[in-house]
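One letter stands for each residue in the lines below.
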Amino acid sequence: MDQPVVSLVTDFGHTEYLAAMKVAIWRECPECRVVDFYHDVLHGALLQGAHLLVKAVAEIPDAVHLVVVDPGVGTDRRALVVRTDGLTLVGPDNGILEPVTRGTNDLEVREISFPAEGASPVFHGRDLFSPVAARLARGDDIETIGRKVPSLMALPSYGFDRFGDRVMTRVVHVDVFGNVQTPVPVKAVADLVDSDRNVTVWIAEDAHEARFVRTYGELDLEELGVLISSSGHLEVALREGPAAMLLGSRIGDEIAIDAE
Amino acid sequence: MDQPVVSLVTDFGHTEYLAAMKVAIWRECPECRVVDFYHDVLHGALLQGAHLLVKAVAEIPDAVHLVVVDPGVGTDRRALVVRTDGLTLVGPDNGILEPVTRGTNDLEVREISFPAEGASPVFHGRDLFSPVAARLARGDDIETIGRKVPSLMALPSYGFDRFGDRVMTRVVHVDVFGNVQTPVPVKAVADLVDSDRNVTVWIAEDAHEARFVRTYGELDLEELGVLISSSGHLEVALREGPAAMLLGSRIGDEIAIDAE
Amino acid sequence: MDQPVVSLVTDFGHTEYLAAMKVAIWRECPECRVVDFYHDVLHGALLQGAHLLVKAVAEIPDAVHLVVVDPGVGTDRRALVVRTDGLTLVGPDNGILEPVTRGTNDLEVREISFPAEGASPVFHGRDLFSPVAARLARGDDIETIGRKVPSLMALPSYGFDRFGDRVMTRVVHVDVFGNVQTPVPVKAVADLVDSDRNVTVWIAEDAHEARFVRTYGELDLEELGVLISSSGHLEVALREGPAAMLLGSRIGDEIAIDAE
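The model shown is predicted, which means the values in this text are computed figures rather than measured ones.

Parameters and conventions
- Residues numbered from 1 in each chain as written.
- Chains lettered and ligands numbered in written order.
- Predicted model: local features only at pLDDT ≥ 70, side-chain atom pairs only at ≥ 80, totals over all residues.
- Heavy atoms only, no water.
- Helix = DSSP H or I, 4+ residues; strand = E, 2+ residues; numbered from the N terminus.
- Buried < 20%, exposed > 50% of the residue type's maximum accessible area, 1.4 Å probe, protein only.
- Contact = heavy atoms within 4.5 Å.
- Domains from an automatic or database assignment.
- Buried area = accessible area lost by both parts, 1.4 Å probe.
- Polar contact = N/O pair within 3.5 Å; in protein donor to acceptor, adjacent residues only side chain to side chain.
- Nonpolar A, V, L, I, M, F, W, Y, C, P; charged D, E, K, R; others polar.
- Least-squares fit on C-alpha atoms with pLDDT ≥ 70 in both.
- Axes fitted to C-alpha atoms, helices over the stretch in contact; angles between N-to-C directions.
- Parallel < 35°, antiparallel > 145°, perpendicular 65-115°, else oblique.
- Left-handed = near helix turned anticlockwise from the far one by under 90°.
- Disulfide = S-S within 2.5 Å.
- Phe/Tyr/Trp six-rings, centres within 6.5 Å; stacked < 30°, edge-to-face > 60°.
- Lys NZ or Arg CZ within 6 Å of the ring centre and 35° of its normal.

### Description of the environment of V174 of chain C
All names here are of chain C. Its place among the elements puts V174 in strand 10 (residues 173-174). A relative accessible area of 22% places V174 in the partly exposed class. In sequence terms V174 and P242 are 68 residues apart; their C-alpha atoms lie 8.9 Å from each other. The contacts of V174, once residues within four sequence positions are left out, are N179, A244, S249 and I251.

Structural data, given as C-alpha cells:
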C-alpha cells in the first residue's frame, strides 16, 4: 500500500486494549494505517493465532505484522522481531511467529531491547510491541530494535502429514461461518481436491462422508464439503451452517481427510 | 464527505474476511474512507441485510454502498452495480439490493464483468466486489464495470401492508438493545403514531399491549412501546431491555401493529 | 497526537449506531481521528462506562472523550460538555462523566444548547453529542456549545473505602479475559500490593484465597491473583481463565480485598 501499514492479530477482542495499542502505534507513526486483521483468537490459542498470522501475511505481505497472543507477558519469555523474505513480524517468542516463517529464506531474529522502563508487566502489547511495530513501519532500522538471536521458538503442532490419499492435521481455526480450517495448503493436496473421489472426514473416532467442491453453493443443504478456502487451505464446510458444530470439532482437535 | 467513502454491510463479523475486503479497497483507492456500517447480519439473512442497507443509505447517501451477504458466492448468481437517484450500490443479485431502490428514479443496473481470473470462488467480497466498489468511489466510470442489464432480483418479503389502523409486516432487524425493527417508514404511519390510542403488537398468535411513545424513557419498566426509530421506521421496544426476547420474535417473523 | 482525536465509549457495540456517530463526527471534522475505545459497556451500566472513561482519559488525555451510555435519551436529562485540567468530556448528565473529574482543577461544566431541531429523540449520540465532540476536537470555542452550569451529576457508587489493610469497593468492569476490575488506584494500595502477605478476596459472603502478583504468569493454574492492571487499578485475575466466572462476580457487585 501507499502508506506504512501495521496489521494486528490479537486475542484482545475489539476492546480498550486494542484501542490502547492503536494509540501507541499512532503516537510513534501518525501516518500508519492500522489493519484490524483478527482480534478474536481464543485466549492463548497459539495454533489459531499462528494460522491467522499466516492468513494476514498472505493478504498484506507489505505490512508490519504484530501478533499479541501472549499468556506469558511479563515473564522471561522473549519479545521478538523477525524479518524473512521481506516479511516483518513482531510478537512474543512463544511459537506463534514460527509457522509463517517455514520455507522462507534469510531468516533474521532479533530480541527486542526497547527501553521498557515503566512498561506495565501485564501489557507489553501497548508498552513494547506496538511502539516497536510502529517504528519499523515508519522505516526505523531493525538494528535499533535489538540484537540478533539465533532462533525463535517452534510450534510443532502446526502442520500436517500426508500418507497416500490421507491427510492428517489439526483444526487451526473455525471461521465466522463455522467452517473448519486446517493448515494444509492447496499445493499439498491439489491432486486430491480436483478429483471426483468420495472423501471421509475423521474427527476423533467419527467418520463423516463428504464431497470435494469448489464453493458452498454446490453442496446440498446439510451435506458436508471439503474445499479450498479463500486463503488457499483445506477447509471443511456446510452450505449454510456451521460445520464445526456438526462435527463437534474445536481448535487443536486432530482431523483427517481421507480421499479413498 | 470530503473524501471518497465506501460503506460496508456484511455478514462477516469483524474478522479476517472484513480485513481482507478493506485491504482490497485500499489497494485500489488508498484515499478511500471505509465505514464499517454493519457486519453482524445473520448469515444469509437477506431481509436484515436489505434493511441495514436502507439504514446505511439514509446515513451516508454520498458513499458507495457495498453489501456482501452472499450465500450463492461462486455459483451463477450475478454480481451487480446499481445506480439510482445518485446512489451507488454494489453486491450480489440475490434480492438484497432491491428494497432500497424502491421509489427511486433513473435505475441503472449493470452486471460486473470485472476481470476476476484468479478470484477465489468462495470470496467475491475480496476479489470482485471490493475492487469494484473502490474504483467507483475513486471516480471510475460505471461503464468500465460492466454492461447494462434490464433488472435486478426483487425481495418481496421486505415490505408491509396497511389495513385501516392495522399494519402487517415482518421483523427485519433486532438491534443491539433488542429493539424489534420493521421496514415501515414513519410517513406510512404518522397518523397512528402521534395518537393517544391503545396499540396491540401481534407476534404469531400472541397479542401484547403496548403504547405509542417518542422515546424509551417515557415507558415504565417492562412496558412495551411502539415508536419511530432513529432511522425513521416503526420499532417495538422496552425501556431498558430486549423487546425481542420478551416477544420471542426473530428476523423474518410476521408482526402486526394494531392501533384500535 | 498530531491530529484532532475523538475517543468513544458507548454501549452500542460495533453496530450501525456506532457507524452513524462516526459519520456525524467526520461531517463536522473530516480530519478527526476516531478511536473506538470501548463499545461493549453493558446496556445502561454507568459504573462500567465511567470506568472505561477513566481508562480512556489515561490512554489519550489529548482526545475529546465522548461517552454515550444514555438510557435517558430524549427525556429532560441534560447534555453536557465538561472541561477540567485540560480534559474535554462530552456526554449525558447521568453520573457517568463525574468520576474522572475527581481531584481535577478548574472544572467547567456547560449544558449543550446545540441546535438540535430535527434530532431524533432516541439518538442524541448521532444528532447532538457527535457533532459537538467533533466541533470541540477541530477547535471550536467551548462557549459556542452552551452556557455554564454549576455542576454535574455525581456517581457515588464509583469509589472505594480503605479500613486498615482491607479495601472495600465494587466491580466496575470485567475485561475480555474475565479479569475483575475495580476503581482502586495503585497509589491507594501500593503498601499492600508490594507485600508478601496472604490476601482474601470477598464476594458476597464468600472468601477466596489469593496472592499478590506482578503478572499472570506468576500464578499457578487455577490460583487467584490480585495485581495492578495495565490502567493502574486493583484487579483480581486467574492465570489463564476468567476470574469473574470463578468468583461469580458481576459489574456492580461489592468486593473486598483483605491483606491480613
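### A word on the domain arrangement of chain A
Residues and elements named next belong to chain A. In terms of domains, chain A is made up of domain 1 (5-149) and domain 2 (160-259). Between domain 1 and domain 2, the C-alpha centre-to-centre distance is 30 Å. With 8 residues of domain 1 in contact, the opposing surface of domain 2 contributes 11 residues. Taken together, both faces of the contact between domain 1 and domain 2 bury some 790 Å²; the carbon and sulfur share is 69%. A per-residue breakdown of the area domain 1 buries against domain 2 is headed by L47, H51 and K55, which together make up 61% of the total. Here domain 1 is connected to domain 2 by 2 residue pairs in polar contact (both at pLDDT 80 or more). Looking at the side of domain 1 that touches domain 2 element by element, the count peaks at 6 residues for helix 2 (residues 46-59). Here the residues of the side of domain 1 that touches domain 2 sort into 5 nonpolar, 2 polar and 1 charged.

### What to know about the relation of the copies chain A and chain B
Once chain A is rotated about the relating axis by 120 degrees and shifted along it by 0.0 Å, it coincides with chain B to within an RMSD of 0.0 Å. Expressed as an axis order, the relation between the two copies is that of a three-fold axis. Relative to the rotation axis, the closest C-alpha in chain A is found at H14 of chain A, a distance of 5.0 Å.

### Quick notes on the packing of helix 1 (residues 16-28) of chain C against helix 3 (residues 124-138) of chain C
All names here are of chain C. Between helix 1 and helix 3, the least distance of the axes is 8 Å, while the angle of their chain directions is 40 degrees. The pairing of helix 1 with helix 3 is recorded here as oblique in orientation. Handedness of the crossing formed by helix 1 with helix 3: right-handed. Of the residues in helix 3, those in contact with A20, M21, A24, I25 and E28 of helix 1 are G125, R126, S130, P131, A134, R135 and R138. Per-class residue counts for the contact of helix 1 with helix 3 are 6 nonpolar, 2 polar and 4 charged.

### Observations regarding the state of the cysteines
All names here are of chain A. In this structure the tally under the stated criterion is 3 disulfides over all chains. Each sulfur in the disulfide pair C29 and C32 lies 2.4 Å from the other. The chirality of the disulfide connecting C29 with C32 is right-handed, given an S-S dihedral of about 85 degrees.

### Considering the packing of aromatic side chains
Remark: the centre distance and the inter-plane angle together describe each pair of aromatic rings, the angle taken between the planes. This structure, assessed with the given rule, holds 15 aromatic pairs over all chains. On the basis of an interplanar angle of 85 degrees and a centroid distance of 5.6 Å, the ring pair of F12 of chain A and F123 of chain A is categorised as edge-to-face. Placement of F12 of chain A in the loop between strand 1 (5-10) and helix 1 (16-28) and of F123 of chain A in the loop between strand 6 (108-112) and helix 3 (124-138) is noted, with a sequence separation of 111 residues between them. Grouping residues by exposure puts F12 of chain A and F123 of chain A together as buried. By the ring-pair criterion, three or more aromatic residues cluster together here, those being F12, Y17 and F123 of chain A together with F177 of chain C. Over the aromatic face of W26 of chain B sits the side chain of R33 of chain A, whose NZ or CZ is 4.0 Å from the ring centroid.

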